[in-house]
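# Residue-level structural notes
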Amino acid sequence: MTRIITDTTADFEPHELKSLNIDFIPLTVIFGDQEYQEHINLTKDQFYRLLEKSPESPKTAQPSPHYLEDLFRQAHDAGDDAVCITISSQLSGTYQSAVMVQRELGWDNCCVVDSLSGTGGHRLLVEHAVKLRDQGKGAREIAAELEKLRERVILYTCMDTLEYLYRGGRISHAVYTIGSLAHIKPIMHVSPEGRAVIPAKMLGLRKGIEYLCRQPGIKKPDPAFPFYVMYTDVRTNGELLADRLRELGYDIPDANIIPVGAAVGTHIGPNACAIVYICEEGTVNE
């Protein structure tokens, strides 16, 4: 049997992981001296309530190598092969930790795949891995297909606030103050190399949503894959984005409007919204 393993930045709900038979690696979120693990003792809603109350930004930590080793060893000892799909190696050390554990175990039948993405982009790759597993494909074949598919993942986010970029040291206090007064909404894009970049700063949410909605016209979605709208904390901005996409002719079922968890929400803050999809082959992801 081929096991599918992923970390919680793929933003599945616990019941989805169970129904899809996916093993998960919880990432750690730290508020002060209190540590939480996603899906173990921290739900998405609990995270955002803590974020509201905390005077300091939380920190995130990659999973313990011991946790990874226990999970990998269970599959190894059962005689299974496995595909472990992680958040982008440019955003977290989870990929490097998984590779290290796989090598220490000498487990040739475990393939670790760097999604070069996060949240919904990461999720799309895991869902495709599940589909391939259910078709009877093995770990190496699944990993090879995911490494081709990841080049076509499109992920753009409109952030509601500059506060978390400022807290994370990515912008100065002056830029934060002036931008906040002007209601600047940063656009964040995950590049083909898996890095978070800011290609634009829009004046107001409406213009931010319009920026996101232009992207599928440039990089055409592949209808063979879901088109997701993601949001942090309150669903309102996700619904505004989905409604605008529907006006433009894109099929966004309510089930495809998905909340973002703590590992990513820590860095972009509440009330963000995003588009995530797989673009058609031959479309350049720039």
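### Things to note about the environment of Leu124
- With respect to the helices and strands, Leu124 occurs in helix H5 (residues 119-134).
- Taking the C-alpha atoms as reference, Leu124 lies 9.1 Å from Arg150; in sequence the two are 26 residues apart.
- Not counting the four nearest positions on each side in its chain, Leu124 is found in contact with Pro226, Tyr228, Val276, Tyr277 and Ile278.

### Some points on empty space enclosed by the protein
- Throughout the structure, instances matching the rule amount to two cavities of 30 Å³ or more.
- Taken as a whole, the second largest cavity holds about 30 Å³ of empty space.
- In terms of lining, the second largest cavity is formed by Thr6, Asp7, Thr8, Ala10, Asp11, Phe12, Leu17, Phe24 and His39.
- By residue class, the composition of the lining of the second largest cavity is four nonpolar, three polar and two charged.

### Brief notes about the pattern of salt bridges
- Applying the stated criterion to the full structure yields 20 salt bridges.
- As a salt-bridge pair, Arg123 and Glu16 come within 3.0 Å of each other at their nearest N and O atoms. A residue pair is termed long-range when its members are at least 10 positions apart, and Arg123 in helix H5 and Glu16 in helix H1 (residues 14-19) qualify at 107 residues.
- In this structure Arg123 comes out as buried when scored by relative accessible area, which is 5%.
- A single network of salt bridges, built from pairs that share partners, joins Asp45, Arg49, Glu52 and Asp233.

### So, the packing of helix H3 (residues 65-77) against helix H4 (residues 94-105)
- One way to put it is that H3 packs onto H4 with a least axis distance of 10 Å and a crossing angle of 50°. Regarding the angle of H3 to H4, the classification is oblique. In this structure, H3 meets H4 at a crossing whose hand is right-handed. Every residue of H4 that contacts H3 at Pro65, Leu68, Glu69, Phe72 and Arg73 is listed here: Ser97, Ala98, Met100, Val101, Gln102 and Leu105.

### Regarding unusual backbone geometry
- Residue Thr119 is not a glycine yet carries a positive backbone phi of 40°.
- Looking at where Thr119 falls in the secondary structure, it is placed in helix H5.
- The residue Asn271 is not glycine, and still its phi comes out positive at about 65°.
- Here Asn271 lies in the loop between helix H11 (262-268) and strand E13 (273-278).

### Description of the sheet that holds strand E6 (residues 81-86)
- Here four strands make up an open sheet; going across it, the order is E2-E1-E6-E7 and the pairing parallel. Lying at the two open borders of the sheet, with one neighbouring strand each, are strand E2 (22-25) and strand E7 (110-114). Across the sheet, the mean angle separating the axes of adjacent strands is 20° when strand polarity is ignored.
- Note: strand E1 (residues 2-7) against E6, five bridges, orientation parallel. Of the residues in E6, the one forming a bridge with Thr2 is Asp81.
- Across the face of the sheet, H5 comes into contact with E1, E2 and E6 while running at roughly 170° to E1.

### Details of the environment of Pro65
- Relative to the helices and strands, Pro65 is located in helix H3.
- On the accessibility criterion, Pro65 (36% relative accessible area) is partly exposed.
- A sequence separation of 184 residues divides Pro65 from Gly249, and the C-alpha atoms of the two residues are 45 Å apart.
- With residues up to four places along the chain from it excluded, the contact list for Pro65 reads Met100 and Val101.

Thresholds applied
Residues numbered from 1 in each chain as written. Predicted model: local features only at pLDDT ≥ 70, side-chain atom pairs only at ≥ 80, totals over all residues. Heavy atoms only, no water. Helix = DSSP H or I, 4+ residues; strand = E, 2+ residues; numbered from the N terminus. Contact = heavy atoms within 4.5 Å. 1 Å grid on protein atoms, 1.4 Å probe; cavity = no way out; pocket = protein on both sides within 12 Å on 5 of 7 lines; lining within 4 Å. Points joined across faces, edges and corners; volume = space filled by probe spheres on them. Nonpolar A, V, L, I, M, F, W, Y, C, P; charged D, E, K, R; others polar. Salt bridge = Lys/Arg side-chain N within 4 Å of Asp/Glu carboxyl O. Buried < 20%, exposed > 50% of the residue type's maximum accessible area, 1.4 Å probe, protein only. Axes fitted to C-alpha atoms, helices over the stretch in contact; angles between N-to-C directions. Parallel < 35°, antiparallel > 145°, perpendicular 65-115°, else oblique. Left-handed = near helix turned anticlockwise from the far one by under 90°. Pairing = 2+ DSSP bridges.

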